[in-house]
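So the chains spell out like this:
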Amino acid sequence: MIFLTTSAIEHNLSTVKENSPKVWRQIRRFNLPVQLALAAAHRVMAYATDPSQVALISIAPCQNGSPAIFRLAHAFIDRLENNRNDEFRINPTYSLHVIDNLALSSLSIAFKNHAYCLGLGGAQGQAWAGLEVVQDVLASGRATEALLMAGDQESSENLTERGTGVAALFTKHKTRYENSDKSIQIKNIDRTETEEFIAVKPHSADGLAAFIDRIVNRTQKGCFLYNVPHQDTEGYEKRSIEMEIT
Amino acid sequence: MTNRRVVVTGTGAVSALGQNTEELWSALLAGKSGIRRLQRLVDAGLPITTGGEVTAIPYDTCNRDRKMAQRAINEALKNSQFNLKTLGFIWSTGLDIFQEQNGNLILHRAGSCFSSLATQFGKPNLMIATACASGTQAIGEAYWLIKKGRIDACIAGGSSVILTPFYVIGFSPLQVLSKDIEGDDPTKSCRPFDKRRRGFTLADGAGALLVESLQSAKRRNATILAEIIGFGVSQDAYDLNSPPNDGAGACLCIKRTLEDASLKTTEIDAINAHGTGTLVGDRAEAAAIRSTFGKTWTSTPVSSIKGAIGHAMSSAGALEAIVALKTCSTGIVPPTINLEVPDKECELDHVIGRYREADAETVLSTSFGMGGQNCAIIFRRIFD
């Protein structure tokens, strides 16, 4: 059993640029999914008892890369086709756009965090696997607080500024959610495999953001079951999360 | 929570040195190199033309990433008779691949590769993405879940298909790849811990381990290759590209691993090092080993297999774990090929020239990811 301490959802980086220049300086060289995940994570870490000891679990984007990387890849193919042997250069910053664990690295550097960490890859449904890892980490005593973060974008191929970043801080001790008078507890995560595979559009952060949004805004107290919508699953499973708000 | 013993009962290795575990192991002991010059990189006019190619699955094979992974998984499962739906799947499939096919740019998503592999298995499905530490972390997470009774058995490891012109270009600005020099021998492009090293050589590969509880292995009368007795994780929290010179993050990781295993450094018989062949990486790792092991570093043999097969990125940790397992079961430590003139800053008990019969029973394997995620794992020969 774990308790949600706080959460943040980001769709827009303009507030970070304007209001948190220090954070923006730390995240500006990454691609959009990592920027959004980190923007949300920085907000959430402000509530951690000891940010240097928080277990960090991140989920890489399903729509990885960036428009810059795609342009470079196409330019490179064009160069091969035309047998051009002139030197092909790539901005080192763009190299960072294809590496999938840098949200973890950036956050650990910002908070001098040497604690347990896990990067999960950009496969559909990993958000729920990440939530299970948070449960295990807190239950096993590897940490008393754990952060789960994800970021993704609508498309990495087209020039887009649309994406979602989400972060949630959990603790093993009963606590109130942010400054409210309610406690949000995750009691169990259940997964049943289905016979049929129904395709979903892979996205690392939207499903988790929808879940967080639902539970944070729920006013009714008591136990309830959050059935993960099919589009937010792996495509061949049913997921449900048993919750209690007190 | 329960604490169960965890063992490895199957391995599968696809690398530049062969299509299976035995081919990899025998080639390593023979001091062979799987690194060669690749014509497609030469044709592309790149400054780096060497790599650890898996020749068993041709470069232009459709879904090469999935096929390579599947081959390693099949070997690990061979004769196990497991219902796959009873097995967890913890795997790293690396980065998305931009592959050129018939003049078109095809993007293979790493996540799609993972999902297509994962559908065979049961719960949990974890796709690990901690850069070069991914393969080791996949095995370590499997170990923890089995140890705590969450699951009975699991396929763990990683695969990596990254030896494409695009990634050669992509990694070049990071100044970590071994560039060609005139008249060089391609098999010597990666020289871990050597004074003349100039970076690592990219490689493809896949490594799979069948990890299960001791009870499960005994119940089905399986051959036990080794026991996993410790795993640890840390972050450098230092820099995106480089570790600290003193290897503090790696040192913390090794200490946590020893603590998890309730072992002293004197009880480690050999180390399978990350040993990539980069200046900063090798020096930081050597510093971490010396710092953690104190006086005993002088008598703890260290070897790296990256000179022989290259750096297989997300599968590197799994392939190295397989080699560590073979060291446990045979007692033999393979050599670090191409290490001829050790860097004074990398002073360790290196295995140079030929393999060493060290009667090693307990072996530490380390993996340090770019970005500062560190993982280490300890295997021990099992006597029963």
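Residues numbered from 1 in each chain as written. Chains lettered and ligands numbered in written order. Predicted model: local features only at pLDDT ≥ 70, side-chain atom pairs only at ≥ 80, totals over all residues. Heavy atoms only, no water.

Q: An account of the overall build of chain B is requested, with residue identities and associated values reported.
A: Within chain B, the regular secondary structure consists of eleven helices and 17 strands. Seen through its principal axes, chain B has C-alpha atoms that stretch 55 × 50 × 40 Å. For chain B, with 384 residues in total, the buried portion stands at 68%. A sequence separation of at least 24 residues applies to 78% of the contacts in chain B between residues at least 6 apart. As presented, chain B carries roughly 12,600 Å² of accessible surface, and 47% of it is formed by carbon and sulfur atoms. Computed over 40 positive and 38 negative side-chain charges, the inter-centroid distance for chain B is 4 Å. (Helix = DSSP H or I, 4+ residues; strand = E, 2+ residues; numbered from the N terminus. Buried < 20%, exposed > 50% of the residue type's maximum accessible area, 1.4 Å probe, protein only. Contact = heavy atoms within 4.5 Å. Areas by Shrake-Rupley, 256 points an atom, 1.4 Å probe, with all protein chains shown as cover. Lys, Arg positive; Asp, Glu negative; His and termini not counted. Charge placed at Lys NZ, Arg CZ, Asp CG, Glu CD.)

Q: Tell me about the layout of surface pockets, residues and numbers included.
A: All names here are of chain B. In this model, the largest pocket occupies a volume close to 560 Å³. Taken together, 35 residues form the lining of the largest pocket, with Asn241, Pro243, Thr278, Val280 and Gly281 sitting closest to its centre. By residue class, the composition of the lining of the largest pocket is 14 nonpolar, 16 polar and five charged. Looking at which domains feed residues into the lining of the largest pocket, each of domain 1 (6-219) and domain 2 (231-380) gives three or more. (1 Å grid on protein atoms, 1.4 Å probe; cavity = no way out; pocket = protein on both sides within 12 Å on 5 of 7 lines; lining within 4 Å. Points joined across faces, edges and corners; volume = space filled by probe spheres on them. Nonpolar A, V, L, I, M, F, W, Y, C, P; charged D, E, K, R; others polar. Domains from an automatic or database assignment.)

Q: With reference to specific residues and values, describe the packing of aromatic side chains.
A: Residue and element names in this part refer to chain B. As enumerated under the stated definition, the model contains nine aromatic pairs over all chains in all. Between the aromatic rings of Trp144 and Phe231, the centroid separation amounts to 4.8 Å while the plane-to-plane angle is 70°, which identifies the pairing as edge-to-face. Placement of the pair is Trp144 in helix 5 (residues 134-147) and Phe231 in strand 10 (residues 226-235), with a sequence separation of 87 residues. The buried category is assigned to Trp144, whose relative accessible area is 11%. Overall, Phe231 belongs to the buried group, its relative accessible area being 1%. (Phe/Tyr/Trp six-rings, centres within 6.5 Å; stacked < 30°, edge-to-face > 60°.)

Q: Kindly report on helix 3 (residues 32-45) of chain A, identifying the contributing residues and their values.
A: In this model, helix 3 of chain A (14 residues) spans 20 Å end to end at C-alpha, consistent with the 20 Å of a helix rising 1.5 Å per residue. Within helix 3 of chain A, 13 of the 14 residues are buried, leaving the element largely enclosed by the surrounding structure. (Expected span 1.5 Å × (residues − 1).)

Q: Outline the sheet that holds strand 11 (residues 270-272) of chain B, listing residues and values.
A: Whether parallel or antiparallel, the strands of a sheet pair through hydrogen bonds between backbone atoms. Residues and elements named next belong to chain B. If you walk across this open sheet you meet the eleven strands as 7-4-8-9-1-10-17-16-11-12-14, and the pairing is mixed. The sheet is open, and its two borders are formed by strand 7 (125-127) and strand 14 (349-350), each paired with just one other strand. Alignment of strand 11 against strand 12 (residues 301-303), held across two bridges, turns out to be parallel. If you follow Asn272 over to strand 12, its bridge partner there is Ser303. (Pairing = 2+ DSSP bridges.)

Q: Just give me the short version of the sheet that holds strand 6 (residues 184-193) of chain A, but keep the residues and values in it.
A: Residues and elements named next belong to chain A. The strand order 3-2-4-5-1-6-8-7 describes an open sheet built from eight strands, whose pairing is mixed. Either end of the sheet is taken by a strand with one partner, and the two such strands are strand 3 (117-120) and strand 7 (222-227). Neighbour-to-neighbour, the strand axes of this sheet turn through a mean angle of 25°, independent of strand direction. Pairing geometry for strand 4 (residues 145-153) and strand 5 (residues 163-171), over nine bridges, is antiparallel. Looking across to strand 5, one finds that Leu148 is bridged to Ala168. On the sheet, helix 8 (residues 206-216) packs against strand 1 (2-10), strand 4, strand 5, strand 6, strand 7 and strand 8 (237-245) and is oriented at approximately 115° with respect to strand 1. (Axes fitted to C-alpha atoms, helices over the stretch in contact; angles between N-to-C directions.)

Q: I'd like a description of the nonpolar core, backed by residues and values.
A: Core analysis: the largest hydrophobic core is formed by 153 residues, its most contacted members being A:Leu147, A:Phe170, A:Phe211, A:Ile241, B:Phe171 and B:Phe379. Of the residues forming this core, the biggest block, nine residues, is contributed by helix 3 of chain A. A domain-level breakdown of this core finds at least three residues from each of domain 1 (6-219) and domain 2 (231-380) of chain B. If sequence neighbours within four positions are ignored, A:Phe211 has contacts with A:Trp128, A:Leu131, A:Ile186, A:Tyr226, A:Ile241 and A:Met243. By size, the runner-up hydrophobic cluster in this structure holds 29 residues, among which are B:Ile57, B:Phe89, B:Leu117 and B:Ala153. (Core = buried A, V, L, I, M, F, W, Y, C linked by side-chain atoms within 4.5 Å.)

Q: Please give an account of the packing of helix 3 of chain A against helix 6 (residues 102-110) of chain A that cites residues and values.
A: Residue and element names in this part refer to chain A. Relative to each other, helix 3 and helix 6 sit at 35°, their axes nearing to 10 Å. Crossing of helix 3 against helix 6: the hand is right-handed. Here Val34, Leu38, Ala41, His42 and Met45 of helix 3 come into contact with helix 6, specifically with Ala103, Ser106, Leu107 and Ala110. Here the contact of helix 3 with helix 6 is composed, by residue class, of seven nonpolar, two polar and no charged. (Left-handed = near helix turned anticlockwise from the far one by under 90°.)

Q: I'd like to hear about the interface of chain A and chain B, residue by residue, with values.
A: Listed by partner, the interface residues are 60 residues for chain A and 57 residues for chain B. Summing both sides of the interface, chain A and chain B together bury roughly 4,600 Å²; the carbon and sulfur share of this comes to 62%. The interface formed by chain A and chain B includes three salt bridges. A salt bridge links A:Glu193 to B:Lys85; its shortest N-O distance comes to 2.5 Å. At the boundary of chain A and chain B, one finds 18 residue pairs in polar contact (both at pLDDT 80 or more). Here the side of chain A that touches chain B takes ten residues from helix 4 (residues 67-81) of chain A, the largest share from any one element. By residue class, the composition of the side of chain A that touches chain B is 30 nonpolar, 18 polar and twelve charged. (Buried area = accessible area lost by both parts, 1.4 Å probe. Salt bridge = Lys/Arg side-chain N within 4 Å of Asp/Glu carboxyl O. Polar contact = N/O pair within 3.5 Å; in protein donor to acceptor, adjacent residues only side chain to side chain.)

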